[in-house]
Amino acid sequence: MADRHNGKVPAVEVQDLTVAYREQPALWDVDLTVPSGVLLAIVGPNGAGKTTLLKAILGLLRPVAGQVLVFGQPVVQQRRRISYVPQRGSVDWDFPTSVLDVVMMGTYGELGWIRRPGRRERERALAALEQVGMRELSDRQISQLSGGQQQRVFLARALVQDADIYLMDEPFQGVDALTERAIVTLLQQLRAQGKTVIAVHHDLQTVPEYFDWVMLLNVRRIACGPVAQVFNEHNLRLTYGGRFAMAAFAREVDETAPAVIAPDRSRSGGGDHGTGAA
Amino acid sequence: MTAPQVEIQLIAAIVAAACALPGAFLVLRRMALISDAISHAMLLGIVVGFFLTQDLNSPLLIIGATLTGLLTALLVELLHRTGLVREDAAIGLVFPALFSIGVILISRYAGSVHLDTDVVLLGELAFAPFDRVVVAGWDIGPKGLYAGGVILLINAALIALFYKELKLATFDPGLAAALGFSPAAIHYGLMGMTSLTAVGAFDSVGAILTVALFIAPAAAAYLLTDDLARMLLLSAGLGITAALSGYWLAFLLDASIAGSMATMAGVIFGLAWCFAPERGLVAAARRRARQRWEFAQRMLAIHLLNHERQPGAEPELQVEHLWQELRWDRGFATRVVSLAEERGLVTRQDGRLELTDRGRLLAQESLLA
Amino acid sequence: MALALPDLALDYTLRTVALGAMLLGLSSGVVGTYAVLRRESLLGDAMSHAALPGIALAFLLTRSKESALLLAGAVAAGWLGALLVSAITRTTRVKLDSALGLILSVFFGFGLVLLTFIQKQPDASQAGLDRFLFGQAASLLRRDVQVMAAGTVAVLLAVLLLWKEFKLLVFDPDFARVLGLRVRLLEVILTSMIVLAIVVGLQTVGVVLMSAMVVAPAAAARQWTDRLGLMVLLSALFGVVAGMSGALLSSLTPRLPTGPTIVLVVSGLVLVSLLFAPNRGLVWNWARERARRDQVRAEGILRQLAALAEHHGSLEHGHPIAVLRASGWSPEQIEHVLHDLESAGYVRQVSADRWVITAEGMARVRPAVEAGKAGNELARPAARGTEVTGEGQP
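To keep things clear, this report deals only with the structure shown in the data block. (Residues numbered from 1 in each chain as written. Chains lettered and ligands numbered in written order. Predicted model: local features only at pLDDT ≥ 70, side-chain atom pairs only at ≥ 80, totals over all residues. Heavy atoms only, no water.)

Along chain B, the regular secondary structure elements total 15 helices and 4 strands. Whereas a compact globule of 369 residues would reach a radius of gyration of roughly 21 Å, chain B reaches 30 Å, over 25% beyond that. Projected onto its principal axes, the C-alpha positions of chain B cover 100 × 55 × 35 Å. The burial tally for chain B puts 56% of its 369 residues in the buried class. Residue pairs in contact within chain B that sit at least 24 positions apart in sequence constitute 67% of those at least 6 positions apart. With the model as given, the accessible surface of chain B reaches about 15,200 Å², and the carbon-plus-sulfur share is 64%. (Helix = DSSP H or I, 4+ residues; strand = E, 2+ residues; numbered from the N terminus. Rg over C-alpha atoms; globule rule 2.2 N^0.38 Å. Buried < 20%, exposed > 50% of the residue type's maximum accessible area, 1.4 Å probe, protein only. Contact = heavy atoms within 4.5 Å. Areas by Shrake-Rupley, 256 points an atom, 1.4 Å probe, with all protein chains shown as cover.)

With 55 residues of chain B in contact, the opposing surface of chain C contributes 59 residues. Buried area between chain B and chain C, summed over both chains or domains, comes out near 4,900 Å², and the portion from carbon and sulfur atoms is 70%. Asp254(B) serves as the salt-bridge partner of Lys120(C), at 3.5 Å between the closest nitrogen and oxygen. Summed over the shared surface of chain B and chain C, the result is 19 residue pairs in polar contact (both at pLDDT 80 or more). Listing elements by their share of the side of chain B that touches chain C, those giving two or more residues are helix 1 (3–28), helix 2 (32–53), helix 4 (87–109), helix 5 (117–122), helix 9 (183–224) and helix 11 (257–275) of chain B. (Buried area = accessible area lost by both parts, 1.4 Å probe. Salt bridge = Lys/Arg side-chain N within 4 Å of Asp/Glu carboxyl O. Polar contact = N/O pair within 3.5 Å; in protein donor to acceptor, adjacent residues only side chain to side chain.)

Residue and element names in this part refer to chain B. The interhelical angle for the contact between helix 1 and helix 9, taken along N-to-C directions, is 60°, at an axis separation of 5 Å. The orientation of helix 1 relative to helix 9 falls into the category oblique. Considering the relative orientation of helix 1 and helix 9, their crossing is right-handed. The residue inventory of the contact of helix 1 with helix 9, partitioned by class, reads 23 nonpolar, 5 polar and no charged. (Axes fitted to C-alpha atoms, helices over the stretch in contact; angles between N-to-C directions. Parallel < 35°, antiparallel > 145°, perpendicular 65-115°, else oblique. Left-handed = near helix turned anticlockwise from the far one by under 90°. Nonpolar A, V, L, I, M, F, W, Y, C, P; charged D, E, K, R; others polar.)

Attention now moves to the sheet that holds strand 1 (residues 319–320) of chain C. Residue and element names in this part refer to chain C. Here we have 3 strands laid out as an open sheet, ordered 1-3-2, and antiparallel in their pairing. Strands at the two margins of the open sheet, each flanked by one partner only, are strand 1 and strand 2 (347–351). With 4 bridges joining them, strand 2 and strand 3 (residues 354–357) adopt antiparallel strand pairing. Within the sheet, the bridge partner assigned to Val 347 lies in strand 3 and is Ile 357. Against the sheet, helix 13 (residues 282–312) contacts strand 1, strand 2 and strand 3, and its axis sits at roughly 85° relative to strand 3. (Pairing = 2+ DSSP bridges.)

Taken together, the contacts link 32 residues of chain B with 32 residues of chain A. Between chain B and chain A, a total of about 2,700 Å² is buried, with carbon and sulfur atoms accounting for 63% of that surface. It is Lys164(B), Phe171(B) and Asp226(B) in chain B that bury the most area against chain A; as a group they hold 28% of the surface buried on that side. At the boundary of chain B with chain A, the tally comes to 3 salt bridges. In this structure, the salt-bridge partner of Arg157(A) is Asp172(B), at a minimum N-O distance of 2.7 Å. Put simply, chain B and chain A have 10 residue pairs in polar contact (both at pLDDT 80 or more) between them. Looking at which element gives the most residues to the side of chain B that touches chain A, the answer is helix 7 (residues 163–171) of chain B, with 7 residues.

For the rest of this paragraph, the subject is a positive patch on the surface. Together, Arg286(B), Arg287(B), Arg288(B) and Arg290(B) make up a positively charged patch on the protein surface. Relative to the elements of secondary structure, Arg286(B) occurs in helix 12 (residues 281–309). (Patch = residues over 30% accessible without salt bridge, like charges linked within 9 Å, V, L, I, M, F, W, Y side chains within 5 Å. Lys, Arg positive; Asp, Glu negative; His and termini not counted. Charge placed at Lys NZ, Arg CZ, Asp CG, Glu CD.)

What follows is the structure in structure tokens.
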């Protein structure tokens with residue numbers, strides 16, 4: 001697989017990125033190079049700046065310093081090639097609209113201003129819904145969806161965009177087993193098509209299974225590379241240990257670390273809503 | 001009805017519809033209170049504009065006042081962005097200040113100019129028919145009608161044109177930004193529309209009550225439908241209803257027309273709140289009641305199933321003892337049994353209860369679930 | 001105008017006005033602190049507008065101009081408004097902002113209907129209810145001030161007696177619940193206090209602008225301190241200053257409505273606080289922002305030197321300023337920064353225009369080596385204002 005990346009323009013290249021909210025740095029001097037065609041998990045404790053990093057790659061934030069290149073060009077010129085799956089909680093599911101309508105929003109970018117989606121967009125949206133196993137719910141009001149269904153609607157919306165890079169913010173957060181499997185299948189399909197996926201991920205146990213690259217982030221970049229090379233106890237301790245030095249958690253990790261990869265605390269703690277950008 | 005009465009109702013209906021359209025988006029975007037701020041702060045723009053032009057219908061005044069509205073939205077956002085105060089507090093700081101300057105200006109100079117505090121603040125629709133448009137000697141109707149009509153058309157056209165963008169930026173601003181639709185442009189577009197509408201509405205309903213026409217019909221519509229396009233139409237329809245019924249309430253009580261319109265808008269919301277088909281209080285209460293009876297019937301079926309499985313427990317199957325066993329109120333138990341009978345879940349033979357096949361199935365299902 | 005009046009009468013009027021305005025500022029300043037911190041700034045707006053029909057109904061039912069009675073009507077209606085807002089947000093998908101806007105405009109509209117209805121009544125032309133719209137400090141009577149004083153005392157007593165309970169309620173309602181505090185009851189008391197404070201100010205400021213007296217003094221006070229106690233005191237002080245100066249100004253100047261004048265004074269206080277308060281103020285912040293940007297750039301330069309040093313494999317080889325880039329900085333500025341870095345011991349000037357990073361500098365820019373330490377350094381400063389909920393989170 002590594003051969004394929006050689007000599008190619010990386011899908012995403014982040015250089016010296018520093019982002020701050022008020023005085024607090026959310027990201028400090030982060031470098032990241034994501035070769036085309038990998039599934040990359042971004043892991044790190046709460047407040048590590050994971051969502052912030054995604055938003056910066058999308059060009060939704062203005063960094064204090066540094067730049068982001070997408071296929072060698074500024075992100076503004078490459079919007080069509082990126083698609084984004086936000087956290088489920090970031091939108092109001094009481095909004096009066098249907099599943100199909102939300103999925104069709106993925107086509108708005110190429111439609112541009114004023115033009116309305118038509119039959120073609122509708123067909124594509126239905127096909128994407130089919131792909132995530134939601135076709136028969138296409139007329140359902142979004143207020144009636146379960147959490148897993150909401151997540152799949154968002155995934156279908158991203159698929160409709162037919163991008164080269166997929167940015168996902170905690171796609172596995174709080175979903176049922178069925179949806180989790182559906183997402184995994186989808187990730188594999190995307191990899192087979194040579195797409196790049198960058199996902200904020202929480203469940204450390206499943207990182208080696210679902211992803212092939214991993215970035216360990218805690219405001220600064222701790223490590224990034226193929227899972228086999230960088231996903232080790234040393235790096236995990238650097239990532240989670242420093243931040244939680246005062247908490248009992250750190251001691252626990254030290255005691256139990258030899259046996260397992262650091263336990264997934266943040267999930268049992270009710271999810272990562274404090275990524276600085278929330 | 002006399003001609004002025006018809007004209008007043010027409011103006012009221014048009015203004016209400018014009019307000020309700022942007023109002024629907026304000027409600028969905030959680031910006032209801034920005035419309036409150038805009039319509040208050042607008043007073044300053046109108047007063048200053050009036051001092052300069054001496055004409056409440058001058059295009060310059062309308063533009064100036066609209067810009068004041070936009071400025072208010074901008075100030076609220078800037079203040080919020082400093083991170084020193086929260087958004088609600090930012091709203092609560094900006095508009096009273098601008099509004100106060102407006103009120104002071106009116107009271108200081110109202111003597112020398114023809115601008116009545118009450119009219120600007122509270123609106124006086126009753127005077128609207130006296131201000132006529134005359135073209136080449138022909139009286140072609142009251143000015144308010146044309147002003148309101150133009151604004152309604154502008155709002156409807158803008159929303160129709162940018163429906164997709166408004167929907168996207170309202171539902172998921174992050175995605176809108178990522179797709180290259182500037183949420184800021186859409187936000188300020190909507191704020192501009194709101195300001196223009198508030199300017200157009202103020203001399204009919206006054207600076208304060210425009211908020212009622214922005215929010216109440218849209219909030220009611222929000223409870224009645226799950227489809228954005230339908231919500232927009234419904235908002236406009238409910239706004240018109242509030243305007244017309246408000247007019248007649250005012251006529252009946254010989255009271256403020258604007259106030260009556262706001263009151264009726266509130267009544268309409270209240271009705272939707274209580275009686276909305278799926279989300280209303282009544283519907284919710286009935287759903288809860290139905291669930292309660294359904295649950296009780298399942299309990300009954302499970303109870304009977306348990307008894308079937310342990311023979312020799314005959315007495316408990318008597319309706320007479322059932323309520324003690326299940327710790328139910330006696331009347332409640334009787335009702336549950338007769339409901340279950342109606343549904344064919346149980347049969348009764350000389351005071352003894354037996355499960356039917358259907359009841360047995362339900363009990364087994366419930367146990368599995 | 002003032003000179004035309006006998007001194008004694010002037011004294012009496014002014015004393016009454018000043019006293020009334022002081023009470024208004026005191027009660028709304030104190031209560032506003034809690035409202036603002038609980039993000040309920042605009043609940044006051046809804047409640048004060050909602051008070052109008054209460055006043056009108058009280059008059060219609062009793063035909064009395066007795067302010068205690070009218071204000072009782074205001075309390076009842078304000079409470080009903082608050083209750084409806086909370087009921088709407090609890091039982092429907094309509095969000096808080098819409099519920100507030102709805103209640104304030106509909107109640108106000110209904111109040112207006114009643115007011116205009118009253119004006120048409122034969123015996124009621126003298127009701128003088130108009131003064132409740134924008135306030136009229138000059139019309140305050142001694143009896144009115146007594147009523148206001150009673151309301152203020154009630155508010156202050158509640159704050160003193162329930163000090164730590166309210167503090168916890170504002171800071172962390174869930175924790176308060178866990179501790180076994182009756183949060184629901186406390187919220188009811190707090191809402192009652194806001195209603196009371198609003199009613200105290202209604203005659204002076206009016207229903208339309210009363211909400212500003214709840215929000216503004218507290219928002220100004222928040223800028224100067226992170227401590228709840230000090231914030232309450234400052235907020236009360238700002239309220240009193242704005243209330244008294246505004247009321248006196250408007251009483252002494254013809255055709256200057258009291259409510260708007262008071263609001264302008266308090267808005268001025270807010271503006272000054274936002275700009276100049278130490279630590280939080282915009283001016284202060286701007287300076288700090290600059291300093292941080294400079295620091296980021298300095299770090300950038302240091303990193304570039306580190307990369308160059310690694311590239312050359314030596315800490316001896318100097319590099320010219322021309323190879324260093326820092327967006328928006330002239331070479332002179334870069335040189336200035338380099339001298340700063342030199343005095344900190346991170347870089348060394350090896351010849352006229354050649355610079356090299358030191359070992360300390362290397363240690364500073366290589367985060368992986370000391371990631372743990374770096375993490376600690378960068379951990380958010382334990383929320384400024386541990387006492388007060390951190391305001392202005394992004």
